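Residue-level structural notes
Single-letter residue listing:
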Amino acid sequence: MPEDALISQLTERAIELVAKWEGSFHEYRAHPATAFDEKGFEASWAEFSRRMAGNYPFFHPSFAGQMLKPPHPVAVAGYLAALLVNPNNHALDGGPVTSQMEKEVVAALGEMLHLPAILGHLTSSGTIANLEALFVARQLAPGKQVVFGSNAHYTHKRMCQLLGIEAVEVGLDERGRIDLEAVARHCEGGKVGTVVLTAGSTGRGLVDPIDQALQLKERYGVRLHVDAAYGGFFSLLAWEDASAGLVPAPAYRAIAGCDSVVVDPHKHGLQPYGCGAVLFSDPRVGILYRHDSPYTYFTSTDLHLGEISLECSRAGAAAAALWLTFRVLPLEAGQGLGPILAACRRAALSFSERLAATDGFLLLEEPELDIVTYLPSAPELSRRQLAEWSQAILREGMVAREPLYLSLLQLGEREADRLGSLPAGEGETRVLRSVLMKPEHELYIDELVARLASLREKTAPGKP
Ligand SMILES: *Cc1c(COP(=O)(O)O)cnc(C)c1O
């Protein structure tokens, strides 16, 4: 793995940094209670190594399945250094350095999205970040509904249930995005408080027409929340003419006019789990989090991050890793993170063009970000048979001598009916899905296409 040497070098720097800092304090003795038996360690390590070998190769471009990849070596170094100190960003006293870093990275995310003044913080995940946004939505409009599309992440429904919010799920338009006409019809009734839009749907990687949704805010006074957990960082490409053609720029630019946004640095921000973020465009929502905690510290009159977050303890290391990453790989279109996202986007374009050009596969739709959905082409097969074939390709790919890791996307009957690319038929179905979220995918398209072709051959229905 080409990054191995870099990781050893950088993690060594991180360990040295902390050792030197620790050495500046008065000497003390380690307690024997923390000692361990070295032989026992060796045996445990051997078993640990065996178990670790069972992981799928998320780092490798042949892993073209789910949203998974290792963090960047720079993030690993930042995380490790802070992990050894282990600050807690609940309070300024628990993480004096990393809380400041958190404020800076959240401000940088706000700038990336072109939000006006912001209040926000990191969370342990996109789910918790969305929970926070829905919590604020409920506090501002108690008793009102939250509307989302059937393309929204499945956790929105669950979080509404948790918060006691009435959730309304609307269908999709013919392009697979939230049906804004249906949303408007619900808003007419006057019961809607918040509309959730998705920038980069988890399944198909599509971006809702946020630009058109802005009217809802004006017309009905509803809040707009954007779940950009997956697609948020693509916003880097939306503001410069040179790269704007790569993403649905008008939708991305419209995020600036919304009330809250969720972005997951542990997806496209090169970070380890868990690092999500929630941002509010009106800092006054901070008041809604007000609580009394007798346990926190009182050395500062600044707002503690713990006072604007539903979670208590949070890893300061997550903020440190993100801070160092943004320093080294800035949030810019032309350098740092931008070119990484552009490479993923080009990988998806070239992969989908290649699939569309073969006889063996059918592209479900043009990808909008870096998620490609496709299926073996066989017009004579039913939806159920196509789903089985896709599943067989996935299974065979994982055990092949030259493995290929894919994922499946479940399409409900109505969603499938709307896709002109799918053979007509009845019922739900399943198609193949590839998340090309590593820039290395751009250099691996020939190999992906070749492996797919051979898997198709091997699994074709009727073969023994
Ligand atoms: C991944 C994802 C989530 C959930 O985020 P976690 O970090 O996995 O909790 C929510 N919404 C969208 C659009 C996502 O892609």
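Preceding this section is the structure that the text describes.
Structural notes, computed from the coordinates.

Conventions used here
- Residues numbered from 1 in each chain as written.
- Predicted model: local features only at pLDDT ≥ 70, side-chain atom pairs only at ≥ 80, totals over all residues.
- Heavy atoms only, no water.
- Disulfide = S-S within 2.5 Å.
- Buried < 20%, exposed > 50% of the residue type's maximum accessible area, 1.4 Å probe, protein only.
- Helix = DSSP H or I, 4+ residues; strand = E, 2+ residues; numbered from the N terminus.
- Contact = heavy atoms within 4.5 Å.
- Near = heavy atom within 4 Å.
- Polar contact = N/O pair within 3.5 Å; in protein donor to acceptor, adjacent residues only side chain to side chain.
- Areas by Shrake-Rupley, 256 points an atom, 1.4 Å probe, with all protein chains shown as cover.
- Salt bridge = Lys/Arg side-chain N within 4 Å of Asp/Glu carboxyl O.

**Digging into the state of the cysteines**
Following the criterion strictly, the structure yields zero disulfides and no others. Free cysteine: Cys160, not disulfide-bonded; nearest cysteine sulfur from Cys187 at 14 Å. For Cys160, a relative accessible area of 1% corresponds to the buried category. Free cysteine Cys258: the closest other cysteine sulfur is in Cys187, separated by 13 Å. The buried category is assigned to Cys258, whose relative accessible area is 1%.

**Here's the deal with the environment of Val431**
As for its position among the elements, Val431 is in strand E11 (residues 429–435). Sequence-wise, Val431 and Pro376 are 55 residues apart; in three dimensions their C-alpha atoms are separated by 8.5 Å. Ignoring anything within four residues of it in the chain, the contact list for Val431 reads Leu364, Thr373, Tyr374, Leu375, Ser390, Ser407, Leu408, Leu409, Leu411 and Leu422.

**Section: the site of the ligand**
Around the ligand, 13 residues are found, and the nearest of them are Gly126, Thr127, Asp227, Asp264 and Lys267. Note that an oxygen atom of the ligand is positioned 2.7 Å from one of the backbone N or O atoms of Gly126. Asp227 is positioned such that a nitrogen or oxygen atom in its side chain is 2.6 Å from a nitrogen atom of the ligand. Within the complex, the protein chains bury 88% of what would otherwise be the 380 Å² of accessible surface of the ligand.

**Quick notes on the pattern of salt bridges**
Taken as a whole and judged by the stated rule, the model has 16 salt bridges. A salt bridge links Glu47 to Arg51; the nearest nitrogen and oxygen atoms lie 3.1 Å apart. Note that Glu47 and Arg51 are positioned in helix H2 (residues 38–52) at a spacing of four residues, about one turn of the helix. Linking Arg346 and Glu442 is a salt bridge whose minimum nitrogen-to-oxygen distance equals 2.7 Å. A residue pair is termed long-range when its members are at least 10 positions apart, and Arg346 in helix H13 (residues 337–357) and Glu442 in the loop between E11 and helix H16 (445–459) qualify at 96 residues. Arg346 gets classed as partly exposed once you look at its relative accessible area, which sits at 37%.

Read these as spatial facts, not as claims about activity.
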